[in-house]
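Residue-level listing of the chains:
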Amino acid sequence: MATSITYASDTFEERGRVHRTATSLSNRRPRSRDSSISIHRVNSTVDPSLALPPQYRTVSYGVEERQRREQSKREVASSRRKPQSTPAETAYANIDYHKLSVNDLFTRLGSSSKQGLTSSAAGQQVKTVGQNVISAPPSKWAQRVFGYLYGGFGSILFIAAVLVFVAWKPLGQPPATANLALAIVLAFVWVAQALFSFWQDFSSSRVMASITGLLPDQCVVLRDGQEQRVDARDIVPGDVLRITTGSKLPADVRFIQATSDARFDRSILTGEAAPLLASIDTTDDNYLETACIGMAGTHCVSGNAWGLVVDTGDRTVFGCIAKLTNTPKSGLTPLQREILYFVGIIVSLMLVMIVVVIIVWSSWLRTHHPNWINVPTLIVDLVSVAVAFIPEGLPIAVTASLTICANIMKKNRILCKSLKTVETLGAVNVICSDKTGTLTRNQMNVTDCLIGAKAITAADALTAEKQDDCLQELAELGALCNEAEFDASTLKLSINERKINGDATDSAILRFVEGLKDVASLRASNRSLFKVAFNSKHKFAVNVIQADASDEAVLLIKGAPDILLPRCGSYLTSDCNTAELTTDVRRQIERTKDLWSSQGRRVLLLARRKLQSSRLPFDPATQPRECEISIMDLASAQLTLVGVLGIVDPPRPEILGVVETLRGAGIRIFMVTGDFRLTAQAVAAECGIVTQSPAQVVDVRSLTTDDLDQQASLLNGKTVDAGGDAYSAGRSIVMNGSELDDLDDDQWDRLCAFDEVVFARTTPDHKLKIVKELQSRGLTVGMTGDGVNDAPSLKAADIGIAMGSGSDIAIEAADMVLLDSFAAIVEAVRYGRVVYDNLKKTIAYLLPAGSFSEFWPVITNVVFGLPQILSSFNMIIICCFTDCAAATALAYEKPEADVLTRPPRNAKKDRLVDWKLILQAYGFIGVVETVTSFAMSYWYAQRSGLPFSALWFGFGSTPDGMSSDTMVEILSTASSIYFVNLVVMQWFSIFALRTRRLSVLKHSLNWYILPAIIFALLITIFFLYVPTFHDVLGTAVVPVEHWFLPMGFGMALLLMDEGRKAAVRRWPQSFLARIAW
C-alpha cells in the first residue's frame, strides 16, 4: 500500500466525539462565542471568525516587524540572517492608501468625491481588474486522485498488476491461473491503498465554503454624480461607497466622510469584539491597524460614512487572509520526511535488484537456459522483487499508530486536532509557556497594599478601621476603575464564594475592595464619562468618573507601576493628605514594588487626577477619538498615587513536578509573560523554570559581552545544535520584550543557547518573534497561549498548545488542547515519543519477513537456478494480512520506562529508519528467519526424495525417476513450509521487538498481540488448508512438525535478542551498545 502519508488541519477519526466533548466546555469559557472548540467533523465548515483572525494577526505583526526593520539602519547594515517577510506582509507594508490625502487618492484612482466614477470608467475597470469576487481555491481533484492512486508505492503496485495481467494474457502460453490470481490480488491492494489514502486525506480547505455569505449582494455607490444601487460584484476601485448602520463592506475602502459615531466590527478578521471607531485620517502606519481603512467583510455597527473603494476581490485584506488561511502548510512534516526517506531507500534497492535480474536474464539465462525463465516468468520475477521490497502494511500501521496515540491522549483530556501533532511532539525540545492560567491557577488574590509609603497586608487592611480614609480612597478607585462584576445569582454568598465575571486581575481587586466598601452602592453613586480599556501595549486602564454629588470629574487609572509611577507628581500620604512625590518616597515605593515582584506578586499602581470640571475637553458621544486622545494626554502626567496593590496567583500544585519531568526529558521550558521582570523571575523560580539564585540570573547585557568564555564555547558556527549538545546546564537569563527588538543574530544565537529563559513584559508580536527565532535555529518549538492575540504564535509554532478555558480563536489556531491543566503536557510528550518508538518497532517488524526473507527466494531463483521457494502470492499474504495485524498491534505498545529520561530526538538528524534499525531487521532477525526458512523447505524436499543437489543450478530440470507433477507437489509443500516458518517465527519476533532496551519480561503485556497472532494463524490455515486454493495458488497442506519447529527457532531468536539487550544494559559503552537500534 502507498506510503503517501498526508494530514489535514483537523483530522482524525474521533472528530465527532471530540466535537461533543468540546461542547461541554462552553460553560467554562465565557469569552467564547461558539460552543465548540472548532474540531469539526470531516465535511463541516469552519467559522471564519475563528479561522481568519490568526492569519490576520500574523500578517499584521509581520507588517509591523518589516516596517521596524526598514527603520533600523543598524539591522539593515549588519544583520546576516533577517527574518523573511511573506508576500502578504511585503504588500501591506508597501501600501500607502491610508497615508495619502483623500484628494491625492481620488486623483490616483481617477474618481471624484462629488461625481464618483463614470459608468463607462466603471465598466472599463471591471474588464481590467475583474469582478469583486473572492476566487474559490482550485480543487485540484485530478492531482489529488492521481496522488491517491500513484503516490508512494501505488505506482509500483499498479505497474506490477498490469505486468502480471500481461504475463497471464496474452504472453502466457498457456495462461497461468496463478498469474491471474496474483494480478487480481495486486490490483486489489492497489485500489485499497488508494481508498486508504483518500480516507486519510482531508486537507482541502473548509474555510472558503463559509465565506461566500459574508459579503453583501447589493450596495449603493456614487456614479455619474448620482447614487445608484449596484451588484456588489460590480464594485471597482474608485467607486464612492455609501455606508450606513448595519452595512457590510463589499470591498476595502478609505473613509472620506464619517459621522462621529461611525464604528466598524472587525471581529471577523481581528477576533476583537470591540468595534473600531472610523477615522478620516490615518491613525497607524500599519495598513492593517489604521482606523481610516474599512475592510471587506466587516460591518458598520453605528453611524454612517462614505468610503472610496481602493481594492476589490482577491486583492482585499479579506480575500488575501482567506486565501492564506485556505492554503495548506507547505513542506513535509517530520514523519512524512522520514517516510519519504525510507521509501527512497526501498525503491532504490528495488530498482537495483530489478536491474540485476534483468541483466542476469538477458546476458545469461536467456541464451544458456532459455526454457528456465521466459518473458512471462521474467515479468512475474520482477514483480516478485517489487513485492518483496515493498512493506505494503506500513501505511496502515503508520496511521493506526498515530490515531491510536491520539485517542490515548484524548482519554488523558488532551485533544490533538491533527495526526501530525502526535508525531511532532516527540521532537519538541523547547516549550514556551504562558504564565497566567497555564503555570499558575489563574485564581488571583490581593495579598498586600501600600498606602502612602507604608505597606500593609491585605488581611490587616480588611480588619482596619472603616474610617480609614486612605483605604476608602483606595477601595473607591479599585471598585470604579474595574471591569469585573459579581454574578447576581451569587450575591447572597460570602465574598470569597461569589462568582465573578471578568478577568482574574480585576476579579482579585473586586474581592478585596468589596471587603472595604460596598461596591454596588459605590458604582450606583458614580457615573462613568469615558473609559480606555487595558491592552498589552500601554498596560493601563482609565475610567473618567463623576460622583452624583460632585461637579468635578476624576480620572482614575490603574496599571503597571513602571509605566505609571513616572507620571505621578504627588501621592496620598498615610493620613490621607496629598503631598509631593519626592525622590526619597519614589525610591521607597520602587523598593516595595521590587520586593513584591521578587516574591512573585503582580504589582498594580492605582492613581487619580482631578479634572477642572465635569465637562470633558471633547464630547465622548460625538467626538470619541478626540476625547480618547485628550484623556490619554491627561493621564500622561500630574497623577496622584493613591496606592499600590500586590496580587498573588499561586503556581499550580503539580507544576514543579511537570517542569522537573520535562527537564529530565531534555525539554527546556521558557516562560513568556506580560508581567514585570522581577515578578516573572520569581514565579519562574517558584515553578522550577529558573533554578539559579537571583544573583546568578543574567540579563540582556550578557548577550553583548564578548569575553564570556561560556558563550564563546557554545557556538562554533551560526546554528544552535537542536539536539542539545551545545547547551551547558544551569544558565539562566531574564529578558524584557522591548529588548528583543534590538538583538542581532549573534545575540539571538546566544540567547537561544540558555537553558532557562524568562521573557517578561512581552506583547503578542514578541511571542511570534520568539517562536520564529527559535525555529530558525533548528529548534522544535511548542507554544502555549489562550488569548485572541496569542493565535499567530500558536499557529506559527511547531506545536500550538491551548488551554481548554482559552478563547475559541486561540483553540482554533492551536494544534493541541489541554482540557484540564498544563500537567497533561507530560502525557502528551510521553505519547509523542511513544508513537515514534512504536513506528520504529513496526518497521523493524515488517522488514525481516515482509522484505528481506521474501527477496532471497527470487534472487536464488534467478541466479542459482533454484525454484522460487516462496510464491509471489504468499508474499502478498504476509505483507497485507499476517504481518499487518501484528504490526498494528505494536502501535498499542505502552511506553518503555526510559521514554522520559532520554533527550528528544533531533528532527534533522535522527532517522526513523537508520543503519542500526536496518542491521537489526536485516542483519539479525532477517538472516535468522531466512536461513531457517530455507533450511526447513529444502530439508522437507530432501526427505521427500528431491535432493538439494538436484535443485542447485538445476534451472527447472526434473531429477531422474521423478515425474514433474510429483516435483511440483513437493515444491508446493516446501513453499508452504517456507511461508509457515516465516509466519510462526514472526510471532516470536514481535515479542523481541516490543522493547528496544528493556527485557520484554519487565514490559507490560500488550493484549492486542494475541488476537493478531490468532488472526495470522487463521489466515495461514485458510490459504493452506482449503483445497480450492492448492491448484490455483500453488499452496499445500503443511506437515504438523513444520508448525512446531519454527517455534523452537523463534524461541532461540527471542532468547538471543534478550541476551543482546542485557549486554547493552550491562555495558552501555560497548560496541554492542553502540550498534543497538
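Refer to the structure presented above.
Residues numbered from 1 in each chain as written. Predicted model: local features only at pLDDT ≥ 70, side-chain atom pairs only at ≥ 80, totals over all residues. Heavy atoms only, no water.

Novice: Which residues make up the overall build of the protein, and what are the values?
Specialist: Counting its regular elements, the protein contains 39 helices and 28 strands. In the protein, buried positions account for 57% of the 1077 residues. In the structure as shown, the protein presents an accessible area of about 43500 Å², 57% of it carried by carbon and sulfur atoms. (Helix = DSSP H or I, 4+ residues; strand = E, 2+ residues; numbered from the N terminus. Buried < 20%, exposed > 50% of the residue type's maximum accessible area, 1.4 Å probe, protein only. Areas by Shrake-Rupley, 256 points an atom, 1.4 Å probe, with all protein chains shown as cover.)

Novice: Explain the sheet that holds strand E3 (residues 240-243) residue by residue, including any values.
Specialist: Strand order in the open sheet formed by six strands is E2-E1-E3-E9-E4-E7, and the pairing between neighbours is antiparallel. Edge strands, defined here as strands with exactly one partner in the open sheet, are strand E2 (226-231) and strand E7 (293-294). Packing against the sheet, helix H5 (residues 102-109) makes contact with E3, strand E4 (252-258) and strand E9 (305-311), and its axis sits at approximately 45 degrees to E9. (Pairing = 2+ DSSP bridges. Contact = heavy atoms within 4.5 Å. Axes fitted to C-alpha atoms, helices over the stretch in contact; angles between N-to-C directions.)

Novice: Which residues make up the nonpolar core, and what values go with them?
Specialist: Residues Leu 186, Leu 662, Met 816, Leu 818 and Ile 825 are the most contacted members of the largest nonpolar core, which totals 158 residues. With 21 residues, the top contributor of residues to this core is helix H31 (residues 824-863). Residues in contact with Leu 662, not counting those within four places in the same chain, are Ile 431, Ile 667, Ile 669, Ile 825, Val 826 and Val 829. Of all hydrophobic cores here, the second largest spans 36 residues; its members include Ile 451, Ala 461, Ala 479 and Ile 545. (Core = buried A, V, L, I, M, F, W, Y, C linked by side-chain atoms within 4.5 Å.)

Novice: Any chance you could break down the packing of helix H23 (residues 655-664) against H31 for me, citing the residues and the numbers?
Specialist: In the contact formed by H23 and H31, the axes pass within 9 Å of each other and the chain directions differ by 20 degrees. Considering the angle they form, H23 stands roughly parallel to H31. In this structure, H23 meets H31 at a crossing whose hand is left-handed. Note on element contacts: H31 touches H23 through Ile 825, Val 826 and Val 829, opposite Val 658, Thr 661 and Leu 662. (Parallel < 35°, antiparallel > 145°, perpendicular 65-115°, else oblique. Left-handed = near helix turned anticlockwise from the far one by under 90°.)

Novice: Explain the pairing of strand E25 (residues 756-760) to me, using residue names and the numbers behind them.
Specialist: Of all five residues in E25, five are buried, a share of seventy percent or more. Burial of E25 is two-sided: the residues Glu 756, Val 758 and Ala 760 facing one way and the residues Val 757 and Phe 759 facing the other way are all buried. Two elements, strand E23 (residues 668-672) and E25, share two bridges in a ladder whose sense is parallel. Within the sheet, the bridge partner assigned to Met 671 lies in E25 and is Val 758.

Novice: Tell me about the pattern of salt bridges, residues and numbers included.
Specialist: Inspection of every chain in the model, using the stated rule, returns 33 salt bridges. In this structure, Arg 233 engages Asp 231 in a salt bridge whose closest nitrogen and oxygen atoms are separated by 2.9 Å. Two residues, Asp 820 and Arg 413, come together in a salt bridge whose shortest N-O distance is 3.3 Å. Of this pair, Asp 820 sits in the loop between strand E28 (816-818) and H31 while Arg 413 sits in the loop between helix H14 (394-411) and strand E10 (414-416), placing them 407 residues apart in sequence. Accessibility expressed as a relative area gives 45% for Asp 820, which makes it partly exposed. The network of salt bridges with common partners includes Asp 837, Asp 898, Arg 902, Arg 996 and Arg 997. (Salt bridge = Lys/Arg side-chain N within 4 Å of Asp/Glu carboxyl O.)

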